[in-house]
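What the coordinates show
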Amino acid sequence: MTILLQDARYAVRMLLKNPGFTFVGVIALALGIGANAGIFSVVNAVLLRPLPYDQPERLVVLRENKLPQFPEFSVSPGNFLDWQKQNTAFEKLVAITGAAYNLVAGNEPERLRGARVSAGTFEMLKVTPSLGRTFLDEEDQPGHEGVVILSEGLWKRRFGSDPDIVGQPVTLGGNPYTIIGVMPATFRFPDRETELWTPIAFTARQAQQHGSHYLSTIGRLKPGVTFEQASAEMTGIAGRLAEQYPGSNAGWSVNVFSMQEYAVRDIKLALLVLLGAVGLVLLIACSNVANLQLARAAARQKEIAIRSALGASRWRVVRQLLTESVLLAVAGGAVGLLLAVWGNGLLLSFAPDDLPRVKDVSLDGRVLGFTLVVSLLTGVIFGLVPALQAGNIRLNEILKEGARGSTGGHHTVRSVLVVLEVAISLVLLVGAGLLIRSFYRLQQVNPGFNPNKAMAVSINLPGRKYPQGDQQSAFFTELIGRVSALPGVKAVGATQSLPIQSDFLVGFKIDGRPPAAPGEDVSTNYYAVTTGYFEAMGIPLLRGRLFTEQDNKTAPSVAIIDEALAKKFFPDEDPIGKRISLSQGTERYREIVGIVGDVKQYGLAQPTTWQSYEPYLQSTFGGMTLVLRTDGDPTTLTSAIRSEVLAVDKEQPVSGIRTLEQMVADSISQQRFSMLLLGVFAAVALILAVVGLYGVMSHSVTQRTHEIGIRAALGAQNMDIIKLVLSQGMILALTGVLIGLGASYALTQVMTTLLFGVTATDTLTFVGISVLLIGVALGACFVPARRALKVDPIVALRYE
């Protein structure tokens, strides 16, 4: 221990004695270690940290599937209830569905996001409320569901943290409820936006629905039951239900997912790729610092030789230099943590809103431990080779007065490190280039509507206050008229379902054609829209006509379909005038009066699906989204729209106010997140690689001053000297590029699912990035080459 302390004190003195070297080394390592700590904190919170429930490894998510149309789908109430009765693998099986409630309390109404859950949900998750109780089994029955549990955030925000809140009445959506509990702040289920929970309370009619899919289902495995056993049992149950209900269940089966894996499935690969990328950045930083160490070791050869002559063993010399490296790395790690603390806020500002558990990202003990281990390993990795090189000296030559010592071994190692840096930076640049090209292609996809200067506002009328379709249509008709009169508004319409944001599937049949076989039913995305909707969305009319005010409840039933549906089912005939059924429980045929352009229902990266539209006046809904198109910035009308809504109904809140541009941007936020971060890491890697190449070439010019002087004295021209230096540097760069191309070809294969419109071996990206890197490397070599021209032959010939 005494010797170790001596080494540490000496190492500190040597680092302080060379502040320039220490500063550059600490900053380079801080960038690499800080980036690793920042990304690892996200990976830790999202992928590694267990779900905040008791024994989360026993929690699973169940989803229905019907291949190939629906590889994963929501669960129907009838199937869920049959699963509950027939399974033997689960302690509990519960259902959840999203819900929204209008809360009228205080001066302004508010739209709240909630969830309806079946009995036993909280017990299955093994969480208890901080106040009150959870739902009783009898409260999950129709007529007894008027109870609600609040989130802590809602309790504090709207109820002033009232400790006597349990038992108090509250009106939600026009219906009376009794508050029975408050959940702790850490409980965010099924997502962080949920602010209250009510019983799901299936009606007798809902309990018989096997073809209406809208539930999420979660189960807790019994002790000793494996994931595979549960999956096999549920597949068997699905097979029996398909035989029992062939009309609705034929072709349907069940997927069973680990709840942890299901929550992160869309972002897992991207985070692992980013973690690998910052690891490569750190490796480049280590190579740079190792190069600095080698150059410094060459300057310290005489010092090391004297220590060896005084009796220091080679191991003692190596250990001393390793101690300096580790101290430098620990200092870099400390600064890196500070960068991570600062950078995490910036990092999360780019994170997509749907990044799971993003609120849990923090620099906790695991992240600190990871950073310490990375720092120590970094110190050993970048310090080991320079220490071994420095310890392997020829004592007699070094101690000769005026001898330069041997630096050939150092130069070889430094050249290898530069090749490694160039290769790694090429891998990162190719990866970033592929994501950039992919994101550009994604942005060029036509969503089927014009998002510019358009805004959407969600309005959900409470069923108790607006139970009849006529009341609902009267509200929206008056509101649309008021909003249309606002200055700058060009078009206004409303829809019960908005592309990208939501979907509504219905069965599709064509009059006069034979029905589909069991299990082969055709579905289409369904929209009930008002007049003005297509103009407000910017969806083009291709044939026929749009809806008018005359398409009301007393008029003949009509429909509009999109071009994709028309091409699929009416390839050689005109669809106008044909009759189709858009089944919502009852079969009613509608005449096709128009064909409009296709719309990207599920996002820009997803295939085009079929859409069908019906006049809102012929099929009313209480929940609608208002869409308006303006001459300028639509957000300037937000307050005016709220005022118009309150003018129609002073108790009616609005929610989900967003521009269509933001809606489209949010749909590709995960791709943007991956592209930006990998692009930043690749840029840092490029800078570090160029700095490393420049450093090696500068050191090489210094070492070859004598040789360059002789060449100049013998008549070498300036171009000959430039070629000499450039060729040496470019050989290193080209070698690194060739190695990097091979590594990129192999490593980018894991990114295939992250790409859109480009392949993992996109030739343009590989060639373009290679040319870019070679050009930058050429610039890095040219500066030392120009410096070589300034060598004075007379001075150089005396250089020893």
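What counts, and where the lines are drawn
- Residues numbered from 1 in each chain as written.
- Predicted model: local features only at pLDDT ≥ 70, side-chain atom pairs only at ≥ 80, totals over all residues.
- Heavy atoms only, no water.
- Axes fitted to C-alpha atoms, helices over the stretch in contact; angles between N-to-C directions.
- Helix = DSSP H or I, 4+ residues; strand = E, 2+ residues; numbered from the N terminus.
- Parallel < 35°, antiparallel > 145°, perpendicular 65-115°, else oblique.
- Left-handed = near helix turned anticlockwise from the far one by under 90°.
- Contact = heavy atoms within 4.5 Å.
- Nonpolar A, V, L, I, M, F, W, Y, C, P; charged D, E, K, R; others polar.
- Patch = residues over 30% accessible without salt bridge, like charges linked within 9 Å, V, L, I, M, F, W, Y side chains within 5 Å.
- Areas by Shrake-Rupley, 256 points an atom, 1.4 Å probe, with all protein chains shown as cover.
- Salt bridge = Lys/Arg side-chain N within 4 Å of Asp/Glu carboxyl O.
- Lys, Arg positive; Asp, Glu negative; His and termini not counted.
- Charge placed at Lys NZ, Arg CZ, Asp CG, Glu CD.
- pLDDT = per-residue confidence, 0-100.
- Phe/Tyr/Trp six-rings, centres within 6.5 Å; stacked < 30°, edge-to-face > 60°.
- Buried < 20%, exposed > 50% of the residue type's maximum accessible area, 1.4 Å probe, protein only.
- Core = buried A, V, L, I, M, F, W, Y, C linked by side-chain atoms within 4.5 Å.

Helix-helix packing: each pair is described by the crossing angle between the helix axes and the interaxial distance. As a packed pair, helix α3 (residues 77-86) and helix α7 (residues 227-244) sit with axes 11 Å apart at the nearest point and diverge in direction by 125°. Classed by the angle they form, the pair α3 and α7 counts as oblique. Both α3 and α7 take part in a crossing whose hand is right-handed. Contacts between α3 and α7 involve Asn79, Asp82, Trp83 and Gln86 from the former and Glu233, Met234, Ile237, Arg240 and Leu241 from the latter. Of the residues belonging to the contact of α3 with α7, the class tally is four nonpolar, two polar and three charged.

On the surface, Asp266, Asp353, Asp354 and Asp666 cluster together into a negatively charged patch. Residue position: aspartate 266 is located in the loop between α9 (259-264) and α10 (268-299).

Turning next to the confidence of the model for the protein chain. Summing up the model confidence of the protein chain, the mean pLDDT is 86 and the portion of residues at 70 or higher is 89%. The low-confidence segment residues 401-407 (pLDDT under 50) makes 12 contacts with residues lying over four places distant or belonging to another chain.

Residues Phe23, Val24, Ile27, Leu31, Leu339, Trp342, Leu346, Phe350 and Leu676 make up a contiguous nonpolar surface patch of about 860 Å² in total accessible area. No other element matches the four residues that helix α2 (residues 19-48) contributes to the nonpolar patch.

Here helix α16 (residues 469-484) crosses helix α19 (residues 638-648) at 140°, and the two axes come no closer than 10 Å. Taken together, the axis directions place α16 and α19 in an arrangement best described as oblique. Judged by the sense of rotation from one axis to the other, the crossing of α16 with α19 is right-handed. Within the contact between the two elements, α16 uses Phe475, Glu478, Leu479 and Arg482 and α19 uses Glu644, Val645, Ala647 and Val648. Class assignment of the residues belonging to the contact of α16 with α19 gives a composition of five nonpolar, no polar and three charged.

So, about the packing of aromatic side chains. Following the criterion strictly, the structure yields 25 aromatic pairs and no others. A ring pair is formed by phenylalanine 122 and phenylalanine 187, whose centres lie 5.8 Å apart and whose planes are at 45°; its orientation type is tilted. Taken together, the residues span a long stretch of sequence, with phenylalanine 122 in helix α4 (residues 121-125) and phenylalanine 187 in the loop between β8 (175-182) and β9 (196-199) at a distance of 65 residues. Accessibility assignment for this pair places phenylalanine 122 and phenylalanine 187 in one class, buried. Between phenylalanine 508 and phenylalanine 569, the ring centres sit 5.1 Å apart and the planes meet at 55°, which makes this aromatic pair tilted.

Our next topic: the nonpolar core. In terms of nonpolar packing, the biggest core is built from 99 residues, with Phe449, Tyr533, Phe534, Ile539, Tyr613, Phe681 and Leu693 touching the most fellow members. When neighbours within four sequence positions are excluded, phenylalanine 681 is seen to be in contact with Ala35, Ile39, Leu274, Ala277, Val278, Val281 and Leu428. Of all hydrophobic cores here, the second largest spans 39 residues; its members include Ile510, Ile561, Leu582 and Ile592.

This brings us to unusual backbone geometry. Here the bond from phenylalanine 189 into proline 190 is cis, since omega is 0°, no more than 30 degrees from zero. Within the fold, proline 190 resides in the loop between β8 and β9. Positive phi outside glycine occurs at lysine 126, with the angle close to 60°. Within the secondary structure, lysine 126 sits in the loop between α4 and β5 (131-132).

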